[in-house]
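Coordinate analysis (summary)
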Amino acid sequence: MNPCRLSRARKLGGRVMRSTHFTVVLAIFGSAWILASCATKGSTAAAPPMPARITVLYDAFGKDATMTKDWGYAALVEINGKRILFDTGDDPAILAKNVKAKGVDLTRLDFVVLSHRHSDHIGGFSFLLSLNPQVRIYAPKENFGVFGSDLPSKFYRKDESLPPEMRYYGGAPPEIMKFGTAFPGASIQLIDKTTEVVPGVTLIALVSDAPGTKELKELSLAINTPDGIVLVVACSHPGVEAIVAEAVKINPHIHLIAGGFHLLVAQDPAIEKVAAALHDNYKVDYIAAGHCTGEPTFAALQKVFGDRYLYAGLGTTLDVGANPRAESDRNAANVLEEGDLLGYRTLLAKSDDLKDGGAEAARLAQIR
Ligand SMILES: [Zn+2]
Ligand SMILES: [Zn+2]
């Protein structure tokens, strides 16, 4: 029986049980306890809902003077009661400064996602590990690479006519060959294919086919919320459309996409095609583009999405509930200011992302 109903039954019952003083005292105390517990339950129900927000901790554009702009990406994602660090930026000292500026506690995390092996996403990792050495980390499983891996030893051809000293492992290899990681001591769990790591939280695993990043595996974070999917992408090397195509298999309603779309050197027709696909085909509610999305793409997406384009520069906290908005930048109508543009371009010029972009530009030039 519901304890609140039970308390009413006891009060009625109390009238008949007046024969002993003890019973009356028991009834009064019992009722008081149950009523108190009902009141407590009421106040729990009225408690504010869990935050649904994304805080940008690392990027090359932004307005928060207490933070340092640098090429790379990191964001704290707090949704569905989980606290997830998505990437760590390029430099541990800059990550440390930006995390402090936003008052973010990196010792309280459910897990970390390292989206892909590029240094502008994993370079800040040592700072995280110094604070939180035990934290669970998800990273893409590649055949070889910085996150470590393993392969069945049957992958290589054997030649039994050779003497043992000319054979790998003297001719008796382990069944599984393990390869080291650039992050010794970290508790890394490798993700091979799209996986729901906790209920409602899926890591989309796709492989890039673009020149310059061929075979690079990248993880994107898809969180299924009551408002639709909140999708956080790092660099979108496999293509942002390909990532969204995976996300709609979980829930066809895409609520918001945050992160880098990697359209730095793409030409206008290609940019417009992506913007139209996201807006018209996938009917994405909100866009919060950052990092390697590219300046003309910021402009194109803002044009297509209008007030559903959310400014997401460094230091922005995006409320990603039913009516998303950029909490720290309520008045930010513009995407990038002049000084900001200059900084973004300078940092981009030094980054690996431009090298990939260079290859992409060369390919585009060849196609023409
Ligand atoms: Zn990047
Ligand atoms: Zn990248």
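What comes next is a walk through the structure.

Cut-offs and rules
Residues numbered from 1 in each chain as written. Chains lettered and ligands numbered in written order. Predicted model: local features only at pLDDT ≥ 70, side-chain atom pairs only at ≥ 80, totals over all residues. Heavy atoms only, no water. Donors = N, O, S within 2.8 Å, 3.2 Å for Na, K, Ca; no water. Buried < 20%, exposed > 50% of the residue type's maximum accessible area, 1.4 Å probe, protein only. Helix = DSSP H or I, 4+ residues; strand = E, 2+ residues; numbered from the N terminus. Arc of directions from axis to C-beta. Contact = heavy atoms within 4.5 Å. Core = buried A, V, L, I, M, F, W, Y, C linked by side-chain atoms within 4.5 Å. Phe/Tyr/Trp six-rings, centres within 6.5 Å; stacked < 30°, edge-to-face > 60°. Lys NZ or Arg CZ within 6 Å of the ring centre and 35° of its normal. Axes fitted to C-alpha atoms, helices over the stretch in contact; angles between N-to-C directions. Parallel < 35°, antiparallel > 145°, perpendicular 65-115°, else oblique. Left-handed = near helix turned anticlockwise from the far one by under 90°. Nonpolar A, V, L, I, M, F, W, Y, C, P; charged D, E, K, R; others polar. Pairing = 2+ DSSP bridges.

**A look at the coordination of the zinc ion (ligand 2)**
In an ideal octahedron of six donors the angles at the metal are 90 or 180 degrees, and in an ideal tetrahedron of four donors they are 109.5 degrees. The coordination sphere of the zinc ion (ligand 2), as far as protein atoms go, consists of His116 (NE2), His118 (ND1) and His237 (NE2), spread over 2.1 to 2.2 Å. Sequence spacing among the residues donating to the zinc ion (ligand 2) works out to H-x1-H-x118-H. Between the zinc ion (ligand 2) and the zinc ion (ligand 1) the interatomic distance comes to 3.5 Å. According to the relative accessible area criterion, His116 is buried, its value standing at 0%.

**Focus on helix α6 (residues 240-250)**
In an α-helix, one turn spans 3.6 residues; hence positions three or four apart end up facing the same way. Those residues of α6 not exposed but buried are Val240, Ile243, Val244, Glu246 and Ala247. When α6 is viewed along its axis, its buried side chains cluster within an angular range of 160 degrees and face the same direction. Buried residues along α6 sit in contact with β10 (201-207), β11 (217-225), β12 (228-233), β13 (254-260) and α7 (268-281).

**Looking at the nonpolar core**
Looking at soluble globular proteins, one finds that nonpolar side chains tend to be buried together. Trp71, Leu231, Ile257, Phe261, Leu278, Ile287 and Leu301 are the most contacted members of the largest nonpolar core, which totals 38 residues. Those elements that provide at least two residues to this core are β10, β12, α6, β13, α7, β14 (286-290), α8 (295-305) and α9 (338-349). If near-sequence neighbours (up to four positions away) are discounted, Ile287 is found in contact with Ile257, Phe261, Leu278, Leu301, Phe305, Arg308, Tyr309 and Leu310. Ile223, Leu256, Tyr286 and Leu318 belong to the second largest nonpolar core, which has 32 residues in total.

**Quick look at the side chain of Thr55**
Residue placement: Thr55 occurs in strand β1 (residues 53-58). Those residues in contact with Thr55 that sit more than four places away from it in its chain are Ala74, Ala75, Leu76, Glu78, Lys102, Thr316 and Thr317.

**Focus: the packing of aromatic side chains**
Any pair of aromatic rings gets described here by the distance separating the centres and the angle formed by the planes. Scanning the model with the defined rule gives 11 aromatic pairs in all. Joined through ring pairs, the aromatic side chains of Phe61, Trp71, Phe298, Tyr311 and Tyr344 make up one cluster. We note Arg308 situated over the ring of Tyr286; from NZ or CZ to the ring centre the distance is 4.9 Å.

**Considering the packing of α7 against α8**
Across the interface, α7 lies against α8 with an axial gap of 10 Å and an inter-helix angle of 40 degrees. In terms of orientation, α7 and α8 fall into the oblique class. α7 and α8 meet at a crossing whose hand is right-handed. Across the interface between the two elements, Asp268, Ile271, Ala275, Leu278 and His279 from α7 touch Pro296, Thr297, Ala300, Leu301, Val304 and Phe305 from α8. Of the residues contributing to the contact of α7 with α8, the split by class is 8 nonpolar, 2 polar and 1 charged.

**Describing the pairing of β11**
Of all 9 residues making up β11, 8 are buried, and the element is well covered by its neighbours. Relative to β11, β10 runs antiparallel, the two sharing 7 bridges. Bridging from a neighbouring strand, Val207 pairs with Lys217 of β11. By the bridge criterion, 5 bridges tie β11 to β12 in an arrangement that is antiparallel. The partner of Ala222 across the bridge, within β12, is Leu231. In this antiparallel pair of consecutive strands, β11 and β12, the connection spans 2 residues.

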